[in-house]
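Take a look at the letters that make up each chain.
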Amino acid sequence: MATVTESVKETLVGYTKPAEMSAEVRNNWLQHAKSDDKGELYMDREAFIDAIAPPDEDYHKIPRAQYGALFLVADRRGAGRITQDEYAVFNNTLLKPDAAEYLMCFRLFDVNNTGLVNVEDLQRIYNEQRGKNSLAFDFNGPWASLYFGAKGARHAMTYEQFAQMLRGLQGERIRQAFQHYDSDKDGLITPDQFAAIIRENQSHKLSDHILENLPTLCNIQNGANISYPVIRAFLNITREMDLLDLIIRNATRKSSDGRIDKAGFLEEAQRVTRWSQYTPLEADILFHFASLDNPSGRLSIWDFTKVLDASFQLGPRLSGFSEKTEEAASGLTNFLNGAVKSAHKFVLGSISGAFGAFVVYPIDLVKTRMQNQRVVGPGQRLYNNSIDCFQKIIRNEGFRGLYAGLPPQLVGVAPEKAIKLTTNEMLRLSFTNKETGRIPVPLEMVAGGTAGACQVIFTNPLEIVKIRLQVQGELAKKSDAVPRRSAMWIVKNLGIVGLYKGAAACLLRDVPFSMIYFPAYAHLKSDLFGDGVDGKEIGVLQLMVAGAIAGIPAAYLTTPADVIKTRLQVEARKGDATYTGLVDCFRKVLKSEGPKAFFKGGPARIVRSSPQFGCTLAAFEVLKKLMPLPARFDPEAARDTDIHGALEPGVGLREAKAPLPYLRARNALKLLKDIDKDFGMYGGVKVPSMFEKK
């Protein structure tokens with residue numbers, strides 16, 4: 001049984017026997033390993049980078065080539081190539097529960113595999129791996145003496161001591177850089193010198209917006225230069241971005257207009273934190289960078305995002321093109337991306353609409369036949385109620401009778417629902433306040449109503465063909481019944497004008513329906529189920545319930561318009577009343593059948609419309625997640641979701657979804673970049689093997 005000392009040493013310097021590999025790690029090894037002349041598999045630096053740094057990830061802040069620095073950890077023999085066992089050891093290290101990112105860095109500098117790092121090895125490897133133009137770190141200064149001991153009394157560091165040293169190293173590097181540039185010792189440096197220091201030390205942690213505007217920090221105080229207190233305040237702000245994110249989100253959420261000023265920020269900080277109080281200078285720095293594009297003093301979460309989110313990027317300028325040419329190219333790109341986004345939503349809406357229509361089609365057929373029943377005498381009624389109608393269809397026409405007219409319905413409902421869903425979503429997006437993320441209810445109704453109006457171009461021809469096919473079956477067994485007609489016969493017989501008979505009633509039904517339905521659905525999702533609150537994503541069942549509940553008032557309240565539309569569009573049988581238009585139909589139905597006639601089929605319409613739209617919108621939401629638009633066509637959405645969700649914890653305290661070993665390797669590189677921005681980009685370190693006998 002291993003002693004405690006041996007266990008600690010094994011954790012720090014690696015295993016002395018071949019490590020086991022998971023199936024995933026083994027497959028990754030086989031996929032990227034190369035074969036030498038003897039048929040033995042190995043990885044060189046390039047293959048290693050391919051294995052741990054997939055080429056399609058984001059390397060905006062940490063260059064992909066810099067992952068080669070971790071190859072130095074895996075290649076303990078310094079052979080320029082690693083074996084399967086060494087690759088397994090490296091991956092097992094990433095799975096260690098004890099801060100694997102710090103352990104990776106420790107193993108790089110523990111060249112003797114003793115579980116200790118001495119200052120000579122640390123300084124040598126640092127000098128070999130640092131950038132060619134970076135300022136050299138002073139290992140003989142008072143700060144270094146606190147960790148290693150003074151010159152002549154040096155001592156080695158344990159893993160825990162080394163990790164704590166790394167934690168404070170960047171701040172000391174910045175202090176030394178300030179002293180270097182402050183040649184006249186007046187405690188001030190120029191804005192350009194400040195920018196050079198921060199870009200050298202923190203470019204991997206800060207957004208492009210901050211990095212681009214670093215020299216402007218001199219404007220927060222009188223004078224053209226920057227003092228050391230300003231730099232310390234800047235470091236305090238950038239070191240606690242996650243806490244800032246929480247404070248700002250809380251404060252903006254409580255604000256009536258979704259905006260806050262410095263006083264509101266400081267008040268919320270006092271409510272949220274116990275010991276991490278912010279100074280006025282720190283608040284000034286935060287608001288300085290967040291308000292560069294909006295100097296109003298009251299800022300929204302979107303203003304702060306370009307400060308809090310390190311992945312925020314400024315658009316690159318097209319090299320060699322004039323500003324007008326670039327503007328035109330950008331406009332064309334935006335147009336094409338918009339077209340692709342619209343087509344993508346159209347396809348998803350088509351699939352969702354067809355699915356929803358299929359699920360509830362039998363109910364829709366019952367609803368149509370009930371609405372078309374025009375006689376009032378008990379002995380003359382073909383159907384007593386919706387259940388009786390359903391039973392008689394099964395008895396007289398069979399199960400297939402419930403799906404009479406389905407094919408043209410599926411063909412037509414795809415573009416109909418696609419137009420409706422796409423129009424509503426695009427209008428809601430354009431009406432959304434980019435700063436608060438909210439839409440006024442009247443504009444929600446406008447978006448829904450417009451979507452309902454736009455769909456009529458497809459809905460009316462579809463409905464008239466569907467209705468005539470649906471009512472054929474109930475007369476099929478009568479001696480005087482007209483022969484069954486196909487959908488194509490009905491279309492040819494009606495012609496273009498005839499296909500739009502009852503269009504006014506169709507508008508009167510679909511516009512109010514969508515004005516009620518879409519706002520109700522959106523508010524049920526957010527207010528009842530909490531969708532989008534603190535990053536919450538509700539499930540398919542909740543989406544269906546929200547859609548179904550929203551459909552109840554929308555369907556029932558628009559039933560009168562649906563009854564009139566059905567009467568106008570159905571082919572009148574012998575002895576049935578005929579109508580010349582919407583008003584004429586309304587008057588005759590009211591006179592002969594009474595007000596209740598306008599709600600015929602109302603329950604069936606609720607039972608049909610409510611689950612249909614629930615299924616349709618739930619399918620639409622699910623398909624958006626299962627079939628997302630590629631990031632190259634939607635860079636804004638990629639910045640808001642894909643990058644945050646895969647590579648880094650996102651703004652809003654959203655957790656990263658990438659595998660933990662990948663995240664730990666990335667975090668280890670962040671620590672190495674704290675040592676030097678270009679660490680590992682040049683050359684390699686000859687490190688003794690962990691398997692060699694001492």
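This text gives an overview of the structure that appears in the document. (Residues numbered from 1 in each chain as written. Predicted model: local features only at pLDDT ≥ 70, side-chain atom pairs only at ≥ 80, totals over all residues. Heavy atoms only, no water.)

## Considering a nonpolar patch on the surface
A cluster of nonpolar side chains, namely Ile457, Phe458, Ile496, Val497 and Tyr500, defines an oily patch on the protein surface of about 530 Å² accessible area. Those elements that place two or more of their residues in the nonpolar patch are helix H20 (441–472) and helix H21 (487–499). Within the element layout of this structure, Val497 appears in helix H21. (Patch = residues over 30% accessible without salt bridge, like charges linked within 9 Å, V, L, I, M, F, W, Y side chains within 5 Å. Areas by Shrake-Rupley, 256 points an atom, 1.4 Å probe, with all protein chains shown as cover. Salt bridge = Lys/Arg side-chain N within 4 Å of Asp/Glu carboxyl O. Helix = DSSP H or I, 4+ residues; strand = E, 2+ residues; numbered from the N terminus.)

## Some thoughts on the packing of aromatic side chains
In this structure the tally under the stated criterion is 26 aromatic pairs. Both rings, one in Phe106 and one in Tyr159, keep their centres 5.5 Å apart while their planes meet at 70°; by these two values the pair is edge-to-face. Taken as a pair, Phe106 in helix H6 (residues 100–109) and Tyr159 in helix H9 (residues 159–181) lie far apart in primary sequence, 53 residues in all. Here Phe106 and Tyr159 have matching classes, each one buried. Through a chain of ring-to-ring contacts, three or more aromatic side chains come together here, namely Phe106, Phe109, Tyr159, Phe162 and Phe679. (Phe/Tyr/Trp six-rings, centres within 6.5 Å; stacked < 30°, edge-to-face > 60°. Buried < 20%, exposed > 50% of the residue type's maximum accessible area, 1.4 Å probe, protein only.)

## As for empty space enclosed by the protein
This model, assessed by the stated rule, comprises five cavities of 30 Å³ or more. The calculated volume of the largest cavity comes to roughly 160 Å³. Along the walls of the largest cavity sit 17 residues, with Glu416, Lys417, Arg509, Arg608 and Phe613 positioned nearest its centre. Of all the secondary-structure elements, those providing two or more residues to the lining of the largest cavity are helix H19 (406–431), H20, helix H22 (503–528) and helix H26 (602–626). The residue makeup of the lining of the largest cavity, split by class, is three nonpolar, five polar and nine charged. Taken as a whole, the second largest cavity spans an internal volume of roughly 80 Å³. Around the second largest cavity sit Leu122, Tyr126, Phe137, Phe139, Trp143, Phe148, Met165, Leu166, Leu169, Arg173 and Ile675, which together line it. Contributing elements (two or more residues each) for the lining of the second largest cavity: helix H7 (119–129), helix H8 (142–148) and H9. A per-element tally of the lining of the second largest cavity places H9 first, with four residues. In terms of residue class, the lining of the second largest cavity is built from 10 nonpolar, no polar and one charged. (1 Å grid on protein atoms, 1.4 Å probe; cavity = no way out; pocket = protein on both sides within 12 Å on 5 of 7 lines; lining within 4 Å. Points joined across faces, edges and corners; volume = space filled by probe spheres on them. Nonpolar A, V, L, I, M, F, W, Y, C, P; charged D, E, K, R; others polar.)

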